[in-house]
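Structural overview
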Amino acid sequence: MNTAIIAEKPSQAREIAAIVGATKKEDGFMTGNGYMVTYAFGHLVQLAMPEEYGFQGFVRENLPIIPETFKLVPRQVKDGKEYKPDSGALKQLKVIKHVFDSCERIIVGTDAGREGEAIFRFIYTYLNCRKPYDRLWISSLTERAIKEGLQNLKSGSEYDNLYQAAKARSEADWLAGVNSSRSLSIAAGRGVFSLGRVQTPTLAMICRRFLENRNFVSTPFWQIRIRTEKSNVPFVAVSREKYEQKNAVNAIFQKLQENGLQVQSVETKEVNQEPPLLYSLTSLQKEANSKHGFSADKTLSIAQKLYEAKVLTYPRTGSRYISTDVFDEIPELINVLKRHSRFGAYAQTMDNSVLNTRCVDDKKVTDHYALLITENIPKDLSSDEQTIYEMIAGRMLEAFSKKCVKDITTVVLACADTLFEAKGAVVKQAGWRSVFNEKEESGDDETGALPILQQGETLPVLNSELLEKQTKPKPLHTEATLLGAMESAGKEVENEAEREAMKESGIGTPATRAAIIETLFARDYIRREKKSLVPTEKGLLVYETVKDKRIADVAMTGNWENALAQIECGDMQPETFRKAIEVYTRQITAELLETKIAIADENTCLCPKCKTAQIRFYPKVAKCTDENCGLVVFRSVSEKQLSDGQITDLLTRGKTPVINGFKSKAGKVFAASLKFDGNYKVVYDFPEKKAGKGKK
């Protein structure tokens, strides 16, 4: 009898089939040498929609919908307002059933992770299969990895907890997503709003940061920067104190001219900078976004392609460490890079017998270790693929290199009772920083080597200047900072070790965070402004409605993720988590059904631009219902809130009456009418001034 092997994708199936000798191609599978190798296309089977349980439409009395037992159905696609089975999924499920029925046992070759396990188990359960199965658990698709994995198959039952975590996650997302979305839509009275266990707390983090940034009131402060020298070596120093009043520094300038500077203290410390840890998926996504502008989804997609091209290990990993047995393979991988055009010269200098072991820790590796290259040399990579490959290859060299050693000198200079500080750095051993030859980011006033200074000596003031600065708000979230916030459940954590510890209570997983961000884009809740993530009017409306509700609680969602991890480890029963989610679902449903959401007013009128669609009135805008038209009228114009009547006049008559109370940027109040220009942009129309007395 044959042995069935099921992979997650056709390309992975082809790699496995070639190794086991299944070379004959059939429709949807390959056969030969006692094997039948088939594949899924991701999730072919999913949890059934509410209609499968008899709940038609959005009806208040039906909520919350909590199925006693969840049904599995073939993947669904939307057809108008209804869902129907995906024809491609139905066809491949028939193929898989034929393969399973024709074989004595099954080898599970889907991706080695929570979602990969769910993909197989949902198919296996839906098909009512009872055949025994073993697990192929590998971290790369190289020939060696697949052969070793096939020689070390593990019983499928060893991954029961992993499946229970995947099933619990899927059901929790269904319960929270379906019930919260329907509850808010019913409360609104019209329109469909999407909420979710992870997406809504993520939206809340973006909106909260946006509002903090927008409402931040910047205040000025001043510092003094001086330029001095010794032995013809100039350097700068900046006042330690920040002055809130500009006139407070005038007396200090006078003293600088009269007294000069005295060296109060000189302190030099040797600083050891350990190399960075290897990349997890999230840390790779963060750095690819901040350095190269790649979205999280793009980075994951490229990393997946490199994995399938057998030049990268499994990308959906949350670990930044490797185990001791994997460490034994690192010298071979470094040797691969000795032929690399960019890293070859540096790799030649590495001594494989004294590699840094900071990222080697068996206790910090769970399902998968950190991202590494494989022994295969990449060929014909695109520019973006080359960028991601070199990020991972270079980081691998950095991680196993020597530490960077610097001497940091801090000098304090005094003028009367005013203190100035200068810092200088001298690199004694570049270590890991030589891989990319990137200079460490430093402050504007940090310099290289300082001259040799002695306490008590006097230095001249070559020149001095006043620096006017402003307090700054926290910057808007980028995908890089948002991924970090999701990883640490919204807590501001700068220390790398502390961030690692916080991962247990983060929201989402390395494999799902990119999809969550893309969902927010798809829902029109957020948009990009350069690298920043900014909420749309719709996103802000949803946030203002749910910000104090449980569905938006980042910490609670982080706790759910922690619970799922405990199920995966066998430390929590799935039933315990299910009961907690059911309680949570009832709570958020009750909260949201009582919500008053300020969605668009009933007022509508014909759009003057496209002349076919309607203008709908919202709390902050009036906009055309045809997205392709794009006509928008903002209610707030120069700090004046427009009434429905004034907006209606503008839309129906092309011009408003004169409106009082506009305020210019200079703070002056003025009156004007509003009208559309030729491009339907709202502009001012100032009333003509009446001629003065005695003038014609």
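Overview of the structure. Fair warning: this is a prediction, and the values are worked out from it, not measured in the lab.

1. What about the overall build of the protein?
When its secondary structure is counted, the protein shows 20 helices and 29 strands. For the protein, the C-alpha atoms occupy an extent of roughly 100 × 80 × 45 Å along the three principal directions. Within the protein, the proportion of its 696 residues that are buried is 48%. Residue pairs at least 24 apart in sequence account for 70% of intrachain contacts in the protein once pairs closer than 6 positions are excluded. Surface summary for the protein: the accessible area is close to 34400 Å², and the carbon and sulfur share equals 47%. The positive charge centre, built from 99 side chains, and the negative charge centre, built from 92, are 7 Å apart in the protein.

2. Considerations on the pairing of strand β28 (residues 669-676)
Pairing geometry for strand β27 (residues 659-663) and β28, over three bridges, is antiparallel. Within β28, the position partnered with Phe662 by the bridge is Phe670. Counting the residues that bridge the hairpin from β27 to β28 gives five residues, and of these Gly667 lies at a positive phi of roughly 90°. Here β28 runs beside strand β29 (residues 682-685); their pairing, made up of four bridges, is antiparallel. Within the sheet, the bridge partner assigned to Leu674 lies in β29 and is Tyr684. If you look at the hairpin formed by β28 and β29, you'll find five residues sitting between the two strands, and Tyr680 has a positive phi there, around 60°.

3. Observations regarding the nonpolar core
Counting 89 residues, the largest nonpolar core has Phe100, Ile106, Ile123 and Phe577 as the members making the most contacts within it. Looking at this core element by element, the count peaks at eleven residues for helix α5 (residues 160-188). Discounting residues that sit within four places of it in the chain, Phe577 has contacts with Ala168, Ala172, Trp560, Ala563, Leu564, Ile567 and Met572. If you look at the next biggest cluster of nonpolar residues, it comprises 42 residues, including Leu277, Ile322, Ala347 and Leu397.

4. Digging into empty space enclosed by the protein
Taken as a whole and judged by the stated rule, the model has one cavity of 30 Å³ or more. By volume, the largest cavity amounts to about 60 Å³. Taken together, Gln12, Ile16, Gly109, Thr110, Asp111, Ala112, Leu136, Ile138, Leu141 and Tyr307 make up the full set of residues lining the largest cavity. Of the residues that constitute the lining of the largest cavity, the class distribution is six nonpolar, three polar and one charged.

5. Topic: the packing of helix α18 (residues 554-569) against helix α19 (residues 574-593)
One can describe the packing of α18 onto α19 by two numbers: an axis separation of 10 Å at closest approach and a directional angle of 160°. One way to sum up the angle between α18 and α19 is to call them roughly antiparallel. Of the two possible hands of crossing, α18 and α19 adopt the one that is left-handed. Residues Met556, Trp560, Ala563, Leu564 and Ile567 of α18 form the contact with α19, whose own contacting residues are Pro574, Phe577, Ala580, Ile581 and Tyr584. For the contact of α18 with α19, a count of residues per class yields ten nonpolar, no polar and no charged.

6. Digging into the sheet that holds strand β2 (residues 24-26)
Taken together, seven strands build an open sheet; the order of strands is β2-β3-β4-β1-β9-β10-β11 and the sheet is mixed. If you trace the sheet from one side to the other, it starts and ends with β2 and β11 (154-155), each paired once. Two elements, strand β1 (residues 2-7) and strand β4 (residues 35-39), share five bridges in a ladder whose sense is parallel. Across the sheet, residue Ile6 finds its bridge partner in β4, namely Thr38. Together, β1, β3 (29-32) and β4 form the strand contacts of helix α1 (residues 10-20), whose direction differs from that of β4 by roughly 165°.

7. Observations concerning the side chain of Ser319
Along the polypeptide, Ser319 turns up in the loop between α9 (296-308) and α10 (324-327). At 3.1 Å, the side chain of Ser319 forms a polar contact with the backbone nitrogen of Tyr321. A polar side-chain atom of Ser319 sits 3.1 Å from the main-chain carbonyl oxygen of Lys364.

8. Digging into the packing of aromatic side chains
Across all of its chains, the model carries 20 aromatic pairs by this definition. When the ring of Phe120 is compared with that of Tyr133, the centres are 5.1 Å apart and the planes differ by 70°; the resulting orientation is edge-to-face. Taken together, the residues span a long stretch of sequence, with Phe120 in helix α3 (residues 114-126) and Tyr133 in strand β10 (residues 133-135) at a distance of 13 residues. Classification of Phe120 as buried rests on a relative accessible area of 0%. Linked through ring pairs, Phe100, Phe120, Tyr124 and Tyr133 together constitute an aromatic cluster. Residue placement shows Arg135 over the ring face of Tyr159; its charged tip is 6.0 Å from the ring centre. The ring of Phe294 carries Lys298 above its face, with NZ or CZ at 4.2 Å from the centroid.

9. Observations regarding the pattern of salt bridges
Counting across every chain of the model gives 43 salt bridges. Between Asp173 and Arg197 there is a salt bridge, with the nearest N and O atoms lying 2.5 Å from each other. One end of the pair, Asp173, is in helix α5; the other, Arg197, is in the loop between α5 and α6 (199-215), with 24 residues separating them in the sequence. On the basis of relative accessible area, Asp173 is assigned to the partly exposed category, the value being 25%. Taking the relative accessible area as the measure of exposure, Arg197 reaches 2% and is therefore buried. Salt-bridge contacts for Glu591 lead to Arg550; the nearest nitrogen and oxygen are separated by 2.7 Å. With Glu591 in helix α19 and Arg550 in the loop between α17 (537-546) and α18, the pair connects residues that are 41 residues apart, well separated along the chain. Through salt bridges that share partners, Glu115, Arg169, Asp173, Arg197 and Glu561 make up one connected network.

Definitions and cut-offs
- Residues numbered from 1 in each chain as written.
- Predicted model: local features only at pLDDT ≥ 70, side-chain atom pairs only at ≥ 80, totals over all residues.
- Heavy atoms only, no water.
- Helix = DSSP H or I, 4+ residues; strand = E, 2+ residues; numbered from the N terminus.
- Buried < 20%, exposed > 50% of the residue type's maximum accessible area, 1.4 Å probe, protein only.
- Contact = heavy atoms within 4.5 Å.
- Areas by Shrake-Rupley, 256 points an atom, 1.4 Å probe, with all protein chains shown as cover.
- Lys, Arg positive; Asp, Glu negative; His and termini not counted.
- Charge placed at Lys NZ, Arg CZ, Asp CG, Glu CD.
- Pairing = 2+ DSSP bridges.
- Core = buried A, V, L, I, M, F, W, Y, C linked by side-chain atoms within 4.5 Å.
- 1 Å grid on protein atoms, 1.4 Å probe; cavity = no way out; pocket = protein on both sides within 12 Å on 5 of 7 lines; lining within 4 Å.
- Points joined across faces, edges and corners; volume = space filled by probe spheres on them.
- Nonpolar A, V, L, I, M, F, W, Y, C, P; charged D, E, K, R; others polar.
- Axes fitted to C-alpha atoms, helices over the stretch in contact; angles between N-to-C directions.
- Parallel < 35°, antiparallel > 145°, perpendicular 65-115°, else oblique.
- Left-handed = near helix turned anticlockwise from the far one by under 90°.
- Polar contact = N/O pair within 3.5 Å; in protein donor to acceptor, adjacent residues only side chain to side chain.
- Phe/Tyr/Trp six-rings, centres within 6.5 Å; stacked < 30°, edge-to-face > 60°.
- Lys NZ or Arg CZ within 6 Å of the ring centre and 35° of its normal.
- Salt bridge = Lys/Arg side-chain N within 4 Å of Asp/Glu carboxyl O.

Everything listed here is a matter of geometry and, on its own, says nothing about what the molecule does.
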